[in-house]
Amino acid sequence: MRVAVITDIHANLPALEAALAAIDGAGVHAVYCGGDLVGYGPHPNEVCDVIREREIPTIYGNYDHAIARDHEDCGCAYRDPQDQALGERSIAWTLQHTTAESKSFMRDLPFDIRFTLGDRRVRLVHGSPRKVNEYLFQDKPDSLYERLAARSDCDVLVFGHTHKPWIREIGGVLFVNCGSVGKPKDGDPRAAFAVLELDEGRVTASIERVPYDARAVADQVASSGLPGEFGERLLTAS
């Protein structure tokens, strides 16, 4: 049995379509979504429509939670004042251009999803089991992940939010950061998603990458009224 997990689409419809096309051709039995459907990109409603129409089980990300409730703070950790200013422009644009129907859809999404692969318990969250906007970077201390492993009530913990994929087993739990479909930050501009596979009672994970026309999306970002920097970062995955 193989399961795909997509996350952090960030209103990038072509990246989502490329990822789903690859998943459809890969013999995957189910698809789950780890949230952040909107923000930074020019296609918030189109992305919500695809997720809804395909009935993909989905949780909310921190961006979805804010936009669905007309909040002006997405809970992102901006370290640079310029990034903070750009983030505020993204929030304002997304609030204005996301329909009531899309907001209602995101407002009804759950915090987490649990499912099983064989007898292995899988839990999908956006940031961490503790907070929707907690950043679980690979270089954080093992002691943090050992504590999370002890309290997460699962065998496989799948998440996103950092836009940087990694996979590692710590404390008896397989941690899987799926990266980002629509806004990678690991230097690889291709859409990223995770595939979980049950093999002789054990779950393994891999990160798959799919190319799409990032230049065309960058041009759409610029013409939409969003900051052009968001489009340029799609090309550099920074």
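Just above sits the structure.
Residues numbered from 1 in each chain as written. Predicted model: local features only at pLDDT ≥ 70, side-chain atom pairs only at ≥ 80, totals over all residues. Heavy atoms only, no water.

Asker: Describe the nonpolar core, listing the residues and the values that go with them.
Answerer: Core analysis: the biggest nonpolar cluster contains 49 residues, and Ile6, Ile9, Leu37, Ile51 and Met106 have the highest contact counts within it. In this structure, Ile9 is in contact with Leu16, Cys33, Gly35, Asp36, Leu37, Val47, Ile51, Val181 and Gly182, ignoring residues within four places of it in sequence. By size, the runner-up hydrophobic cluster in this structure holds 17 residues, among which are Ile113, Cys178, Ala194 and Val203. (Core = buried A, V, L, I, M, F, W, Y, C linked by side-chain atoms within 4.5 Å. Buried < 20%, exposed > 50% of the residue type's maximum accessible area, 1.4 Å probe, protein only. Contact = heavy atoms within 4.5 Å.)

Asker: Describe the pattern of salt bridges, and please don't skip the residues or the numbers.
Answerer: The tally for this structure, following the rule as stated, stands at 19 salt bridges. Measuring nitrogen to oxygen at the nearest pair gives 3.0 Å for the salt bridge that ties Arg233 to Asp83. Placement of Arg233 in helix 8 (residues 228–236) and of Asp83 in helix 4 (residues 81–97) is noted, with a sequence separation of 150 residues between them. Taking the relative accessible area as the measure of exposure, Asp83 reaches 25% and is therefore partly exposed. (Salt bridge = Lys/Arg side-chain N within 4 Å of Asp/Glu carboxyl O. Helix = DSSP H or I, 4+ residues; strand = E, 2+ residues; numbered from the N terminus.)

Asker: Report on the sheet that holds strand 1 (residues 2–6), specifying residues and quantitative values.
Answerer: If you trace the 4 strands from one edge of the open sheet to the other, you get 2-1-8-9, paired in mixed fashion. A single partner strand is all that each edge strand has here, and the edge strands are strand 2 (30–33) and strand 9 (202–210). Within the sheet, the average angular offset between the axes of one strand and its neighbour, ignoring direction, is 25°. In the sheet, strand 8 (residues 191–199) pairs with strand 9 via 9 bridges, with the strands oriented antiparallel. Bridged to Ala194 within strand 9 is Ile207. (Pairing = 2+ DSSP bridges. Axes fitted to C-alpha atoms, helices over the stretch in contact; angles between N-to-C directions.)

Asker: Lay out helix 8 with the relevant residues and their values.
Answerer: Among the residues making up helix 8, those that are buried are Phe230, Gly231 and Leu234. Along the axis of helix 8, the buried positions cluster into a sector of 100°, meaning they face one direction only. Where helix 8 is buried, its residues meet helix 4 and helix 7 (214–224). Immediately downstream of helix 8, the backbone of Ala237 shows phi near 50°, a positive value. (Arc of directions from axis to C-beta.)

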